[in-house]
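Examination of the molecular architecture
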Amino acid sequence: MISVHNLSKRYGGRTVLADVSTRFPARQVTSLIGPNGAGKTTLLMMLARLLSPDQGEILLAEQPVHDIRLADYARRVATLRQSPGINLRLTVEELVGFGRFPYSRGTLTETDRHAVADAIEFLSLTPLRQAYIDELSGGQRQMAFLAMTIAQQTDCLLLDEPLNNLDMKHAVQIMRALRRLCDEQGRTVVLVIHDINFAANYSDRIVALKQGRLHFSGPVADTVTEARLQDLYDLDFDIVRSERGRLCNYFNPQGDWS
Amino acid sequence: MSIPSVLSLGFVLLCLVSLAVGVKPMAWHALLSLSGDAWTTLTASRLPRLAAVVLTGVGLPMCGVILQQIVRNRFVEPATSGGLDAARLGLLVSLILAPAMGTLGRMLFALVFCLAACALYLAIVRRIHFRNTVMVPVIGLMYGSVLSAIAEFYAYRHNILQSMQGWLLGDFSKIVEGNYEILYLTLPIILVTYLYAHRFTVLGMGEDMATSLGVSYAVTAGLGLLLVSVTVAVTVITVGTIPFVGLVIPNLVVLYYGEHLRHTLPIVALAGACLLLVCDLISRLLIYPFEIPIGLTAGSVGGVLFLLLILRRNR
Amino acid sequence: MRRPLMLSSWVAVLVLAVVFVLLNSGLDTDYIIPKRLLRLAAMGLGGVCIAFSAIVFQSIAGNRILTPAIMGYESVYLLFQALLVWLLGTSSLMLMGQNGNFFASVLLMLAYSWVIHRWLFRDGRSNVYFLLLLGLVLTMVISTLTQFIQVTVSPGEFAVLQGYNEASFNRVRPGQLGYAAVLVLLVAGVMLRSRALLDVIALGREQALSLGVDYPRCVRQQLFLVAVLVAISASLVGPTAFMGIFVANLAYALAGTTRHRATLPMASAVAVGLFILAQLLVEQVLNYRTTVTILINLICGGYFLALMIRTRGRA
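From a predicted model like this one, the values you see are computed outputs, not experimental measurements.

Let's shift gears to the overall build of chain B. Looking only at helices and strands, chain B has 14 helices and 0 strands in total. Starting at the N terminus, the α and β elements of chain B follow one another as α-α-α-α-α-α-α-α-α-α-α-α-α-α. For 315 residues, the compact-globule estimate of 2.2 N^0.38 gives 20 Å, and the C-alpha radius of gyration of chain B, at 20 Å, lies within 12% of that figure. Once the C-alpha set of chain B is aligned to its principal axes, its extents read approximately 60 × 55 × 35 Å. Per-residue burial for chain B yields a buried fraction of 56% across its 315 residues. Long-range contacts, defined here as pairs at least 24 residues apart, represent 76% of the contacts in chain B between residues at least 6 apart. Working note: accessible area of chain B is about 12900 Å², and carbon and sulfur atoms make up 68% of it. The positive charge centre, built from 18 side chains, and the negative charge centre, built from 12, are 7 Å apart in chain B.

Right under this line is the structure:
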């Protein structure tokens, strides 16, 4: 489990995160939601230790993260940022192999090879094993990067807008994979996501930020409600509940929402 | 007091100071007789020099502005787009092929080379997908060094490498009556630039936007490159090369006045002239009675200004 | 990795080397062959320096059309040499001795690299593009200064300076070569050992950090090593400007991968081969009518432009 306490971050004179305290329970999928500029990505980058907070503390299983060596942290928490614009000539298998770097520092052992093969298998990427990543489609490349993160075999995965620029099919594939990682392998997943419907249907817990502050957090059932979402996004919401999940409709505002 | 009026006042003062400074002390009262030694000094050396400095100081930032709009990048000027190197190559070719050719002929050579090189640069830059704006001038510098390599290849075979280095460096000390008049060609250029200012602004919004606003990209860009090439060719022939002026002035002006060229061009012109006048005075006074080439002072002053600009942006 | 291609490249380099040493030598083992072996050694070391520094630098920058040469290193070296000749005259050669100059240059480059990086990493984040812009400005300012000095000095001193401006293998001395060899082997060894780490660094800051790599520290270390290599190659063979881009890109294409265990050796083969080829051409075909630098600049510049125009490259 990861918990954060009184996190603050300022860039220049602008406060991007102010006094945020919340927790990300183990073996759950938690979605960070909120309007643009709410500080979601900043918070995620701090969890990933890509940014350091000005104030406050992050605990990984009750241990302050800055006490953990970076190399050790990489075996417990893996991060995937928006598919980086890398034009490296690497095969999918080679890329996924990088996920084993925290363990083997570059020379793959038998265990590493198994982990790589498992990760590729898990995302059904086996046919693309030998394909070069600079020749893949955007969705396939995102899957390959996710496979690399999975091969890192960490308890916790952090993802920054993993669905960005993906078509519906790839988006569903990725979200299903994350759900399975949580349910089948007991991993903790934290992701920043813009699509409220994916967040509502695939996560256990919602953490909503607005203007750098924690707006609300809690299980999906308590948080994905008309009142709270309206308050968060300043939009009119109509939530349809069925056996197949929740559908948040904000496309046709009723009344005076400009 | 507003910045434009400070600039105008400074410009007038700088002009007067520039006229007064020189190795030969000026007897101002002697001027009243409208003849004699002092009068000759004034008309044969001081005034031509002042005119040359002001014309170059106005012309170079104009080139920078036009190129920056066409290429849509803040860091482009003749020195970072291969234009200067090409003009130098053209000059070299004219010297080797036709040593007896007059100034006008040489200028035409420099002009044609510069125009062709700028057009090719534009074609290259438009094809490349850039991830960072800094790469645009980097490509330009590389391109320029290829042109330089060709020039050096030539110069080495004809044993004029050192004198070629000399043309690289802007220098006003050799400006006297009779050898700088071609610089007046920049006057119509400045005028045309001002008249077309609006089109260049539109061009800066990109080809699609320009076309939808009824401005032909090809024609306007071609005209812009021609204006730049004439200015560069004329300057290289008479003065030599002066880096950074075309870069710093437009960037400074954009910071305070935005990019509507019709409004900013006069300020750009004035500021460019002032900067070059200051640099010229430094050149003449620093190791008085000797002179430092303007290319060096303008390069240093401009370089420092530019560094400050970047640092500011980076914060 | 394409092993057969790697093997055949090195065989080709070997053949070139043998041809270079023996062609028209009259099998003169007293003078010609030892002299040529010396040059060959310089080319080998210089080639490895350029190849390793270019590849590692591009991995850090995440950009395939940059070389450390553009970041101001070479212009600092040239300015240093120009200042030496300007201040001390040609006697500086005797005063410093070949080794003195060599070590002074290496130290100077390291100091330059240290200053820049200290300044850049002050907030813990690196910005390669900012560094690039800085290098660009410094290059322009410094080269203006260098040109000024070049124009001021006498033709005799100019010849000496021009010697530094040119990549040349004729000025190496055995002692200097020995020091350089030790340093190059050491640095190249460290880089080869960290090839897996370099592969991760090439994935970018965030991915590398997420894989548990202390990115800022590693980048600082690698850039330090790059500075050492650039210093050695500059003082051993002179400035080579854009050769690194050519070498690295050809190596990526030939190796068919971007993993450093393949690209580092492949790039070395390309660089050494290119040096030998250029030197052979200058010595045997062109009869010293041009210099290795000019030839290499032409080849690499032409390749670079073709690459940009043909492939609609990304930069």
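Residues and elements named next belong to chain A. Judged by pairing direction, the sheet is mixed, and its 6 strands sit side by side in the order β6-β7-β8-β3-β9-β10 without closing on themselves. Across the chains shown, the open sheet's two edge strands, defined by having one partner strand only, are β6 (77–80) and β10 (213–219). Looking at each pair of strands side by side, their axes are set apart by 15° on average, direction ignored. Bridge count for strand β9 (residues 205–210) against β10 is 6 bridges, and the pairing is antiparallel. When the bridges of β10 are listed, R205 appears paired with P219. Contacts between helix α6 (residues 138–151) and the sheet are confined to β6 and β7 (156–160), with β6 contributing the most and set at about 170° to the helix.

So, on to the packing of helix α5 (residues 110–122) of chain A against α6 of chain A. All names here are of chain A. Relative to each other, α5 and α6 sit at 135°, their axes nearing to 9 Å. Taken as axis vectors, α5 and α6 run oblique relative to one another. The two elements α5 and α6 cross, and the hand of that crossing is right-handed. Residues A115, A119 and F122 of α5 touch α6, and the partners they reach there are A147, I150 and A151. When the residues that make up the contact of α5 with α6 are grouped by side-chain class, the tally is 6 nonpolar, no polar and no charged.

Counted by the stated rule, this structure contains 20 salt bridges over all chains. Between R81 of chain A and D160 of chain A there is a salt bridge whose closest N-O contact spans 2.9 Å. Of this pair, R81 of chain A sits in the loop between β6 and α3 (92–98) while D160 of chain A sits in strand β7, placing them 79 residues apart in sequence. Each member of the pair, R81 of chain A together with D160 of chain A, is buried. We note a salt bridge from D280 of chain B to R49 of chain B, for which the minimum N-O separation is 2.8 Å.

Right, let's get into the side chain of S233 of chain C. Locating S233 of chain C in the fold gives a position in helix α10 (residues 215–237). With sequence-adjacent residues up to four places away left out, S233 of chain C is seen in contact with G46, C49, I50 and G238 of chain C.

Our next topic: the pairing of strand β1 (residues 2–11) of chain A. Residue and element names in this part refer to chain A. By the bridge criterion, 7 bridges tie β1 to strand β2 (residues 14–24) in an arrangement that is antiparallel. Bridging from a neighbouring strand, V4 pairs with T22 of β2. The hairpin turn running from β1 into β2, its antiparallel successor, is 2 residues long, and G12 in that turn takes a positive phi close to 60°. In the sheet, β1 pairs with strand β4 (residues 55–60) via 5 bridges, with the strands oriented antiparallel.

Okay, unusual backbone geometry next. A positive phi angle, close to 50°, is found at Q153 of chain A, a residue other than glycine. If you trace the backbone, Q153 of chain A turns up in the loop between α6 and β7. Its identity as a non-glycine residue notwithstanding, R72 of chain B has a phi of 60°, on the positive side. Along the chain, R72 of chain B falls in the loop between α3 (36–71) and α4 (83–97).

Calculation notes
Residues numbered from 1 in each chain as written. Chains lettered and ligands numbered in written order. Predicted model: local features only at pLDDT ≥ 70, side-chain atom pairs only at ≥ 80, totals over all residues. Heavy atoms only, no water. Helix = DSSP H or I, 4+ residues; strand = E, 2+ residues; numbered from the N terminus. Rg over C-alpha atoms; globule rule 2.2 N^0.38 Å. Buried < 20%, exposed > 50% of the residue type's maximum accessible area, 1.4 Å probe, protein only. Contact = heavy atoms within 4.5 Å. Areas by Shrake-Rupley, 256 points an atom, 1.4 Å probe, with all protein chains shown as cover. Lys, Arg positive; Asp, Glu negative; His and termini not counted. Charge placed at Lys NZ, Arg CZ, Asp CG, Glu CD. Pairing = 2+ DSSP bridges. Axes fitted to C-alpha atoms, helices over the stretch in contact; angles between N-to-C directions. Parallel < 35°, antiparallel > 145°, perpendicular 65-115°, else oblique. Left-handed = near helix turned anticlockwise from the far one by under 90°. Nonpolar A, V, L, I, M, F, W, Y, C, P; charged D, E, K, R; others polar. Salt bridge = Lys/Arg side-chain N within 4 Å of Asp/Glu carboxyl O.

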